[in-house]
Amino acid sequence: MKSDLKKRIALLGRAARTRRGKNILTFGVFLVISSVLWVVLSLNEEDQVDVRMALRIEHLPDSITIVSTPPEFINVSLRARRTDLLKSTLGRDPVLKVDWRAYKSRGVVALSAAEIKTLARSVVGGATVLAATPDSLQLYYTESRGRPLPVVLDYKVTAGPQVALVGRPMVSPDSATLYAVGAAASGISAIATEPIRISGLNETTTMRVRLLTTGRTRAIPDSVDVTFKVEPLIVKTRRVVIEPVHVPPGIKLITFPAQVNVSYMMPASVYKHSNPQFRVVADYRSIDTSAPTRNMRLKLVDVDDNLQNVYLSADSAEYIIERH
């Protein structure tokens, strides 16, 4: 193995000493030199680039709460030599640092477009800042302690076929602390969520929902987890006695049949221990004596909210009236 390697090296040495080998070697050296010069000249050229800088507010006392939601990033358009751009961005994410002590004034941290550009320029030394977005900042803050308030859901959710929503939606956490500038929170007794609109929900679902606040109020946390529990529906049938109602004294109302089947669907979790107390009534006042047949309408009453698709096997019954 070593002897083969020595032979190959010897062959390369002899080839390099030939006229053709010397020409190839000379060409390679000049190619490397020209490539290095091209890279150096290219890096010294100016270029324009957009940089996203993370915004960080520093030296903020624990007793102070920023009420306005600050942007997560400041987008900055720069013009500089490529070497300077590489130095400022290579290996780290640029951070635009705002000293709260320097820019606070009467409940507001305010930075003009010129001040944002100055801060951005300090992050990327030697670069010209052409533009920044947002081009100004106005962040309200408060020294007041927050007030815990309940979270109220704004939702309209319907379940899909053969399933049902079980119980009320679960909210975690079910309260949030509201911070406000001045009297912005006066009259607020609860914090509402953004609207939730879902139709045809077929499985238990948990989602993160944002809390709604005004420009001078802030909720911590600013969002909550909402869980909608869904269960399959079980079909059940019961035979129920027809109950005459609003019958005058001295009169007896008899229906044929005396009982009727009622079918309904209910969530699986309550199927075994549920005993719904709905009623089937025959209202004497609904009898039409001028009708050619002696049939009267039957009606379901006192139906539990957790029952779905409740229906009678027969919606009418024959009747006779006996007088005492």
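The notes below deal with the structure included here. (Residues numbered from 1 in each chain as written. Predicted model: local features only at pLDDT ≥ 70, side-chain atom pairs only at ≥ 80, totals over all residues. Heavy atoms only, no water.)

1. A closer look at unusual backbone geometry
Here Ile-220 and Pro-221 are connected by a cis peptide whose omega angle stands at 0°. Within the secondary structure, Pro-221 sits in the loop between β17 (217-220) and β18 (223-228). With an omega of 5°, the peptide bond between Phe-256 and Pro-257 qualifies as cis. Among the structural elements, Pro-257 can be located in the loop between β20 (251-256) and β21 (259-267). Backbone geometry at His-59 places phi at a positive 60°, although glycine is not the residue there. (Helix = DSSP H or I, 4+ residues; strand = E, 2+ residues; numbered from the N terminus.)

2. Let's talk about the nonpolar core
In this structure, Met-53, Val-76, Leu-96, Val-98, Val-109, Leu-111 and Ile-116 are the most contacted members of the largest nonpolar core, which totals 25 residues. Residue assignment for this core shows that the elements contributing at least two residues are β1 (46-58), β3 (73-81), β4 (95-99), α4 (100-103), β6 (108-111), α5 (113-123), β7 (128-133) and β8 (137-142). Ranked by residue count, the leading element in this core is α5, at 4 residues. Contacts of Ile-116, omitting those with residues within four sequence positions, involve Ile-74, Leu-96, Leu-111, Ala-132, Pro-134, Asp-135, Ser-136 and Leu-137. (Core = buried A, V, L, I, M, F, W, Y, C linked by side-chain atoms within 4.5 Å. Buried < 20%, exposed > 50% of the residue type's maximum accessible area, 1.4 Å probe, protein only. Contact = heavy atoms within 4.5 Å.)

3. With respect to the sheet that holds strand β5 (residues 104-105)
Across the sheet, which stays open at both edges, the 4 strands sit in the order β2-β8-β6-β5 with antiparallel pairing between neighbours. Among the strands making up the open sheet, the edge pair consists of β2 (65-66) and β5. In terms of strand pairing, β5 meets β6 through 2 bridges, oriented antiparallel. Each bridged residue has a counterpart across the sheet, and for Lys-104 the counterpart in β6 is Val-109. Sheet contacts for α5: β6 and β8; angle to β6, the most-contacted strand, approximately 75°. (Pairing = 2+ DSSP bridges. Axes fitted to C-alpha atoms, helices over the stretch in contact; angles between N-to-C directions.)

4. A few points about the side chain of Thr-142
Looking at where Thr-142 falls in the secondary structure, it is placed in strand β8. Residue classification places Thr-142 among the buried positions, given a relative accessible area of 6%. A polar atom in the side chain of Thr-142 sits 3.3 Å from the backbone oxygen of Ala-180. Not counting chain neighbours up to four residues away, the residues in contact with Thr-142 comprise Ser-63, Ile-64, Thr-65, Val-67, Tyr-179 and Ala-180. (Polar contact = N/O pair within 3.5 Å; in protein donor to acceptor, adjacent residues only side chain to side chain.)

5. Comments concerning the packing of aromatic side chains
Both the distance between ring centres and the angle between the ring planes are used here to describe each pair of aromatic rings. Per the counting criterion, the structure on display carries 3 aromatic pairs. When the centroid spacing of 5.8 Å and the interplanar angle of 55° are considered together, the rings of Tyr-155 and Phe-228 count as tilted. Of the two residues, Tyr-155 is situated in strand β10 (residues 155-159) and Phe-228 in strand β18; the sequence distance between them amounts to 73 residues. Exposure remark for Tyr-155: the relative accessible area of 32% places this residue in the partly exposed category. For Phe-228, a relative accessible area of 2% corresponds to the buried category. On the numbers, 5.4 Å between centres and 75° between planes, the contact of Tyr-264 with Phe-278 is edge-to-face. With Tyr-264 in strand β21 and Phe-278 in the loop between β21 and β22 (279-283), the pair connects residues that are 14 residues apart, well separated along the chain. Since its relative accessible area comes to 5%, Phe-278 is described here as buried. (Phe/Tyr/Trp six-rings, centres within 6.5 Å; stacked < 30°, edge-to-face > 60°.)

6. With respect to the sheet that holds strand β16 (residues 205-210)
Ordered in space as β12-β18-β16, the 3 strands form an open sheet in which the pairing is antiparallel. Looking along the sheet, the strands with just one partner apiece sit at the ends: β12 (170-172) and β16. The mean inter-strand angle of the sheet, taken between neighbouring strand axes irrespective of direction, is 25°. Both β16 and β18 contribute to a ladder of 6 bridges, which runs antiparallel. The residue bridging Met-207 from the neighbouring strand is Val-226, located in β18.

7. Thoughts on the pairing of β17
Looking along a regular strand, one sees the side chains alternate between the two faces of the sheet. A one-sided burial pattern is seen for β17, the buried positions being Thr-217 and Ala-219 and the unburied ones Arg-218 and Ile-220. Inspection of the sheet shows strand β13 (residues 175-180) paired to β17 by 4 bridges, in the antiparallel sense. Of the residues in β17, the one forming a bridge with Thr-177 is Ile-220.

8. Concerning α5
Taken as a whole, α5 has its buried residues at Ile-116, Leu-119, Ala-120 and Val-123. For α5, the angular spread of buried residues about the axis comes to 100°, placing them on one side. In this structure, α5 carries Ala-114 and Ser-122 as exposed residues pointing more than 90 degrees from its buried face. (Arc of directions from axis to C-beta.)

9. Things to note about the pattern of salt bridges
Under the definition given, this model contains 10 salt bridges. Between Arg-279 and Glu-243 there is a salt bridge whose closest N-O contact spans 3.0 Å. Of this pair, Arg-279 sits in strand β22 while Glu-243 sits in strand β19 (residues 230-245); the two residues are 36 residues apart in sequence, bridging distant segments of the chain. One salt bridge in this structure joins Arg-297 and Asp-315, with 3.3 Å as the shortest N-O distance. (Salt bridge = Lys/Arg side-chain N within 4 Å of Asp/Glu carboxyl O.)

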